[in-house]
Number of protein chains: 2
Amino acid sequence: MDTVFIAGVGMTPFGRHLGQSVKDLTRQAVQAALQDAGCERAQLQSAFFANATQGHMEGQHMVRGQLALRSMGIAGIPVVNVENACASASTALHLAVQQVRSGAADIVLAVGAEKMVSEDKARMFAAFDGAWDVHDVQASKARLLAMGEGVTPPAGSQSPRPYSVFMDIYAAMGRLHMGLYGSTQAQFAAVAAKNHGHSVHNPLAQYREAMSVEQVLAAPPISYPITLPMCSPVSDGAAAAIVCNAAGLKRLQGNASRAVRVLGCVLQTGSDRAADNLQNHLVRKAAHRLYAQAGVAPQDVNVAEVHDATAIGEVLQSELLGLVPEGQGGLAAERGETALGGRIPINPSGGLESKGHPIGATGLGQVFELVTQLRGEAGSRQVPGVRIALAENGGGLAGVEEAVACLTLLGR
Amino acid sequence: MDTVFIAGVGMTPFGRHLGQSVKDLTRQAVQAALQDAGCERAQLQSAFFANATQGHMEGQHMVRGQLALRSMGIAGIPVVNVENACASASTALHLAVQQVRSGAADIVLAVGAEKMVSEDKARMFAAFDGAWDVHDVQASKARLLAMGEGVTPPAGSQSPRPYSVFMDIYAAMGRLHMGLYGSTQAQFAAVAAKNHGHSVHNPLAQYREAMSVEQVLAAPPISYPITLPMCSPVSDGAAAAIVCNAAGLKRLQGNASRAVRVLGCVLQTGSDRAADNLQNHLVRKAAHRLYAQAGVAPQDVNVAEVHDATAIGEVLQSELLGLVPEGQGGLAAERGETALGGRIPINPSGGLESKGHPIGATGLGQVFELVTQLRGEAGSRQVPGVRIALAENGGGLAGVEEAVACLTLLGR
C-alpha cells in the first residue's frame, strides 16, 4: 500500500477565545499547517472539516466547512463536513488518509474546529447532550451509572454545583475500575497530576499549572472519584493536518524529512457488551486491528496521546491499548511510567485535562502533538527517540462505552 | 482503476411520516438495500450516514449514524456522519465509493435519512436557515436577491402566507434566467407539470397527481415566477445503497447482473463569481470534471435526476450539465424533450418537486431512481435502453450559488 504522509500540522492555542469565530480559529490552524508543510492553499485538492457543536451553539447546522474554508480563500475543492462527536477530527484525518489511498487526491486537508466557550452557560453545558441517544436518555443514564454501583462514594465527594452528567458517567466507570482492579482515587489523581505537569511545557495548552497528587485530591470534588483537575475543561480551538502521498510531498516546498508516516488508521463503532467485559471494549478491538494493520506491537509504541476527557479515561484507554497491563493504568501513572521520562509517556501535551478539549478539534490536536514529538521538535516536553506514536480519540456514548473510537498510528 | 458497483438500493416512500423516527426510516431503507443486494448485515464493513437536520429538529447533534444503525443491529464497523446540506446523501455515496477504491473495504453502506415534517411548523421551516452563513444572513440575502432585479414581479405574484426565503432566492435565479435568456414562467411551469406527470408512475413519491401547465400557473403564487407546485415539499424519508468492488460483489447473494457501475463521482464546492457568469458555476465545473473522469459526453447520458428543489433548479442544472443548450432548459421542457418519451428524460422519478425532498436522503433517492432505470425495472416510468445515468445533487448557499454540488454518473 502506498505510504501516506502528514506533511504539516498546525493548531491554535486551545482555551477561551470568546472574540474569535469558527472561521478565525479554522484560518489560524489551517494557515499554520500550510506553512508547516510548505503548501500553498491552491495545492489543496480536497478537505475534510470536523465540527460537532456549531449547530447547537450558533445554528450553523450545515455547510460549516465550506463557509469556514471559503472565508480564507479555499474554494472550489471538495469539502466534506464530518461529525463523530469528540472523535470528529481524527475521523476527518482518517478520511483524508483514505482519500489519498484511493488515488482521488495527492494533497488533502483535515481540519477540526470547535467553539464551545460561551457567556450562555446553559447552552454551553447542553452542547454535550447531543452526544448520546436523545430519545433514550433515562435508560442510557441508568445503564451507564449502574457501572459504578459496586463502590459507594464517600460523603462530601460530590460537587454541590451543577456539572455535566457525563462526569457522573466517567465517575461510574472509575468506580467500576476500582471494584474490578483495586485501583484508587490517588492513582486517578496521579494521572491528572502527571498531565498537568506535562502541560507546563506546552505553550498551546489551556492550563499550564503543575499540580501535585495531593493538590488534585484536595481540589473541589465533582463526582467520586473525580475531582475538578481530573476533568477536561470546555474549550475553543482548531487543529489541522496536511495529508499527502509521495507525489504530493514532492510538490510541497517544506522539508520532506519532517514529514511523518501514517502507519495505521482505525475507526470503530461500539457494540453491546457486559459492562465488565472489557475484552470486548471497542478500543481494545480497534487496537487489535490497528496493530495488525501496521505490523506493530503495543510495546513498540514510544509515546501516546489518549482521550483523557477525565483521568479515568486515560487509565482505561492506556490499558485497552495494551500500553500498560490490564487494571494497572492508574498504578503505572503512580509509578511514573507514563510520565515524561517514564517507560511509555502518555499525553506529553498535557492531555485533554490540561491542553483543553474543543471536541471537534481534539483528535487533530493529539496528532499535532505526536507529529511534533516524531520530529523531535517538542522542546522541553520531548520524548527521546520517538519512532512510533499512537493517538486514541473517542466520541459519544452508546451502550456502556464510547459510540466511536478512532486510532491513528504514526511513525518516522 | 478498479470498478466500483452499486449492488443494491432501497428507499422508504418520501412524505409525511410523523409516527416514524430517523431510526425507523433508516432501518427500512437499509433493510431494503441489503435485501436488494443479497447482502447480510454482517457483510457490511463500513457505513457513511448522511443527515442534515436531526440536530436542529431533535437535538441529536452527534453520533446520529451510530445510533440509527446500531438500533437495527449494525455495530462495530466504522461509521462516519456526513453533512453537506441537501447534498449530504450523494456525498455519503461519494465517500463510500472512495473508501472501496482505497482498498479499505469491499462492501460499504451509504445511507441518508431525514425527518423534517413536524407539528412545530416554525421549527420545521427554520431547519433550512442553517444552510447558509448564519453570521452573514443580511448580506447573503441582499446578494442573492439582487439576481432577480432585472425582472419586476407582476402584482399578486407573491404569496401572502409565510414561506422560506430560499424560495425568494430561487425566484431571483429564475428572473435572472428570464432576463438573460428570455425564458418564461410558462416554461418553468412546464418543468413542474412534467415532473408531476412523472410522479404518477412512482409509488414512492410524496405527491402523485398529474398537473397541466395551466394548473401549475393557476396554483397559489409563492414568489414570482414560482408557484406552489414548482416547489419541493417538506419531507421525511431515507434512501440507501450498497457499494462494493468486484470481490465484494462475488460475496453477495444477489444477482450480480443487476449491479450498476459507478462511472464517476465529483464533489465540488462553490466559489465566487459574478451572478451572470454561469460559465464558472460550480455545477458546470463539476460536470466538466465528471465527464472527463468517465470519458463520457453529455449527449451520452440517457436519463438524469437533477436537483429541482424548485423548477428553476431543474432548468439551470439541465443546462449546466450540458443536457440541453444554454438558456433552453425551460424550452426543452416545454417541447417535451425532458419528459418520459423525450430526447433526454429528466427526473423520471417526479423529482424533488413531486417525489419529495428529505434533504439528507435526497441524493440517494436520486441514485435509487437511476439504478432502477439502469436495471430496466422502472415499470411505467422506464426510460428505454438506459446505459448511462446522471445524478446532480446540490446543497446550501454561498456566494451566488450552491455551497456544494455532488454529481454521480452510473452505467451498466
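Residues numbered from 1 in each chain as written. Chains lettered and ligands numbered in written order. Predicted model: local features only at pLDDT ≥ 70, side-chain atom pairs only at ≥ 80, totals over all residues. Heavy atoms only, no water.

Caption draft 1: Spotlight on the overall build of chain A. If you tally the helices and strands in chain A, you get 15 helices and 11 strands. What you see for chain A is a C-alpha radius of gyration of 20 Å, in line with the 22 Å of a compact globule of 412 residues. Referenced to the eigenvectors of the C-alpha coordinate spread, the extents of chain A come out at roughly 60 × 45 × 40 Å. Residue burial in chain A is summarised as follows: out of 412 residues, 67% are buried. Once local pairs closer than 6 in sequence are excluded, the contacts in chain A between residues at least 24 apart make up 78%. If you sum the accessible surface of chain A, you get close to 13000 Å²; carbon and sulfur atoms cover 51% of it. Distance between charge centres in chain A, computed from 31 positive and 34 negative side chains, equals 7 Å. (Helix = DSSP H or I, 4+ residues; strand = E, 2+ residues; numbered from the N terminus. Rg over C-alpha atoms; globule rule 2.2 N^0.38 Å. Buried < 20%, exposed > 50% of the residue type's maximum accessible area, 1.4 Å probe, protein only. Contact = heavy atoms within 4.5 Å. Areas by Shrake-Rupley, 256 points an atom, 1.4 Å probe, with all protein chains shown as cover. Lys, Arg positive; Asp, Glu negative; His and termini not counted. Charge placed at Lys NZ, Arg CZ, Asp CG, Glu CD.)

Caption draft 2: The interface of chain B and chain A, seen in detail. Listed per partner, the contact involves 56 residues of chain B and 56 residues of chain A. Taking both sides of the interface into account, the surface hidden between chain B and chain A amounts to around 4500 Å²; carbon and sulfur atoms contribute 54%. At the boundary of chain B and chain A, one finds 4 salt bridges. Residues Arg70 of chain A and Asp272 of chain B are paired through a salt bridge, measuring 2.9 Å at the closest nitrogen-oxygen approach. The interface formed by chain B and chain A includes 40 residue pairs in polar contact (both at pLDDT 80 or more). Within the residue set of the side of chain B that touches chain A, elements represented by two or more residues are helix H2 (54–58), helix H3 (64–70), strand S3 (79–83), helix H4 (88–102), strand S8 (260–269), strand S10 (388–398) and strand S11 (401–411) of chain B. With 6 residues, the top contributor of residues to the side of chain B that touches chain A is H4 of chain B. (Buried area = accessible area lost by both parts, 1.4 Å probe. Salt bridge = Lys/Arg side-chain N within 4 Å of Asp/Glu carboxyl O. Polar contact = N/O pair within 3.5 Å; in protein donor to acceptor, adjacent residues only side chain to side chain.)

Caption draft 3: Spatial organisation of the relation of the copies chain B and chain A. The two copies are related by a screw motion: chain B maps onto chain A through a turn of 180° and a shift of 0.0 Å along the axis, at an RMSD of 0.0 Å. Look at the turn and shift together and you get a two-fold axis relating the two. Distance from the rotation axis, computed per C-alpha, reaches its smallest value in chain B at Ser102 of chain B: 1.8 Å. (Least-squares fit on C-alpha atoms with pLDDT ≥ 70 in both.)

Caption draft 4: Region of the structure containing the pattern of salt bridges. With the rule as written, the count across this model stands at 30 salt bridges over all chains. The closest approach of N and O atoms between Lys23 of chain A and Asp133 of chain B, which form a salt bridge, is 2.5 Å. Residue Lys23 of chain A is located in helix H1 (residues 22–37), and its partner Asp133 of chain B is located in the loop between helix H5 (121–126) and helix H6 (137–145); the two belong to separate chains. Exposure remark for Asp133 of chain B: the relative accessible area of 9% places this residue in the buried category. Between Lys194 of chain B and Glu314 of chain B there is a salt bridge, and its shortest N-O distance comes to 2.4 Å. Taken as a pair, Lys194 of chain B in helix H8 (residues 185–199) and Glu314 of chain B in helix H12 (residues 311–320) lie far apart in primary sequence, 120 residues in all. We classify Lys194 of chain B as buried; its relative accessible area is 8%. One network of salt bridges, with partners in common, ties together Asp36, Arg258, Arg375 and Glu377 of chain A.

Caption draft 5: Highlighting the pairing of strand S2 (residues 46–50) of chain B. Residues and elements named next belong to chain B. Among the 5 residues of S2, 5 are classified as buried, and the element is accordingly described as predominantly covered. Residues Ser46, Phe48 and Ala50 of S2 are buried on one face, and the alternating residues Ala47 and Phe49, pointing to the opposite face, are buried as well. Across 5 bridges, S2 lies against strand S4 (residues 107–115) in parallel orientation. Of the residues in S4, the one forming a bridge with Phe48 is Ala110. (Pairing = 2+ DSSP bridges.)

Caption draft 6: Seen up close, unusual backbone geometry. Residue Pro225 of chain A is bonded to the preceding Tyr224 of chain A through a cis peptide linkage, with omega at 5°. Positive phi, normally seen in glycine, also occurs at Val63 of chain B, with a value near 45°. Along the chain, the position of Val63 of chain B falls in the loop between H2 and H3.

Caption draft 7: Molecular detail of the side chain of His56 of chain B. Relative to the helices and strands, His56 of chain B resides in helix H2. Relative accessible area serves as the criterion here: at 14%, His56 of chain B is assigned to the buried category. Excluding its chain neighbours within four sequence positions, the residues that come into contact with His56 of chain B are His61 of chain A together with His61, Arg123, Ala126 and Ala127 of chain B.

Caption draft 8: Just the packing of aromatic side chains, in detail. Residues and elements named next belong to chain A. The full count for this structure, using the stated rule, is 2 aromatic pairs over all chains. Centroid distance Trp132 to Phe166: 4.8 Å. Interplanar angle 55°. Geometry classified as tilted. On the criterion of sequence distance, the pair formed by Trp132 in the loop between helix H5 (121–126) and helix H6 (137–145) and Phe166 in helix H7 (residues 165–181) is long-range, its members being 34 residues apart. Residues Trp132 and Phe166 agree in their burial class; the two are buried. (Phe/Tyr/Trp six-rings, centres within 6.5 Å; stacked < 30°, edge-to-face > 60°.)

Caption draft 9: Layout of the environment of Ser232 of chain B. As for its placement among the helices and strands, Ser232 of chain B is situated in the loop between strand S6 (226–227) and strand S7 (236–244). With 123 residues separating them in the primary sequence, Ser232 of chain B and Lys355 of chain B have C-alpha atoms 8.1 Å apart.

Caption draft 10: Region of interest: the domain arrangement of chain A. Residue and element names in this part refer to chain A. Annotation of chain A at the domain level lists domain 1 (5–119 + 235–259) and domain 2 (130–233 + 263–411). Inter-centroid distance (C-alpha atoms) of domain 1 to domain 2 is 24 Å. Each side of the interface is counted separately: domain 1 has 41 residues, and domain 2 has 32 residues. Note on domain 1 versus domain 2: buried area summed over both sides is about 2800 Å², and carbon and sulfur give 69% of it. Considering only the side of domain 1, the residues that lose the most area to domain 2 are Met11, Phe14 and Cys86, jointly responsible for 25% of the buried surface there. The tally of links between domain 1 and domain 2 comes to 2 salt bridges. Arg258 is the partner of Glu377 in a salt bridge, and the nearest nitrogen-oxygen pair spans 2.7 Å. Our enumeration of links across domain 1 and domain 2 arrives at 11 residue pairs in polar contact (both at pLDDT 80 or more). (Domains from an automatic or database assignment.)

Caption draft 11: Highlighting the pairing of strand S1 (residues 5–11) of chain B. All names here are of chain B. The element S1 is largely enclosed, with a buried count of 7 among its 7 residues. Two strands pair when backbone bridges link them, and S1 and S8 are joined in this way by 2 bridges, in the antiparallel orientation. Considered in S8, the bridge of Ile6 is made with Val260. By the bridge criterion, 6 bridges tie S1 to S7 in an arrangement that is antiparallel. Bridge assignment links Gly8 to a residue of S7, and that residue is Ile242.

Caption draft 12: The state of the cysteines, seen in detail. Residues and elements named next belong to chain B. Here the structure, examined in full by the defined rule, presents 0 disulfides over all chains. Of the cysteine sulfurs around Cys244, a residue in no disulfide, the closest is that of Cys39, at 8.3 Å. Here Cys244 falls in the buried class, since its relative accessible area comes to 0%. Cysteine Cys406 remains unbridged, with the sulfur of Cys265 as its closest cysteine sulfur at 6.1 Å. For Cys406, a relative accessible area of 1% gives the class buried. (Disulfide = S-S within 2.5 Å.)

Caption draft 13: Main features of the packing of H6 of chain A against H7 of chain A. Residues and elements named next belong to chain A. Two numbers describe how H6 lies on H7: the axes approach to 8 Å, and their chain directions differ by 30°. When the interaxial angle is binned, H6 and H7 end up roughly parallel. For the pair H6 and H7, the contacting residues are Lys141, Leu144 and Leu145 in the first and Val165, Asp168, Ile169, Ala172 and Met173 in the second. In terms of residue class, the contact of H6 with H7 is made up of 6 nonpolar, no polar and 2 charged. (Axes fitted to C-alpha atoms, helices over the stretch in contact; angles between N-to-C directions. Parallel < 35°, antiparallel > 145°, perpendicular 65-115°, else oblique. Nonpolar A, V, L, I, M, F, W, Y, C, P; charged D, E, K, R; others polar.)

Caption draft 14: Layout of the environment of Ala256 of chain A. Residue and element names in this part refer to chain A. One can find Ala256 in the loop between helix H10 (246–251) and strand S8 (260–269). Ala256 gets classed as partly exposed once you look at its relative accessible area, which sits at 43%. Linking Ala256 and Leu331, residues 75 residues apart in sequence, is a C-alpha distance of 40 Å.

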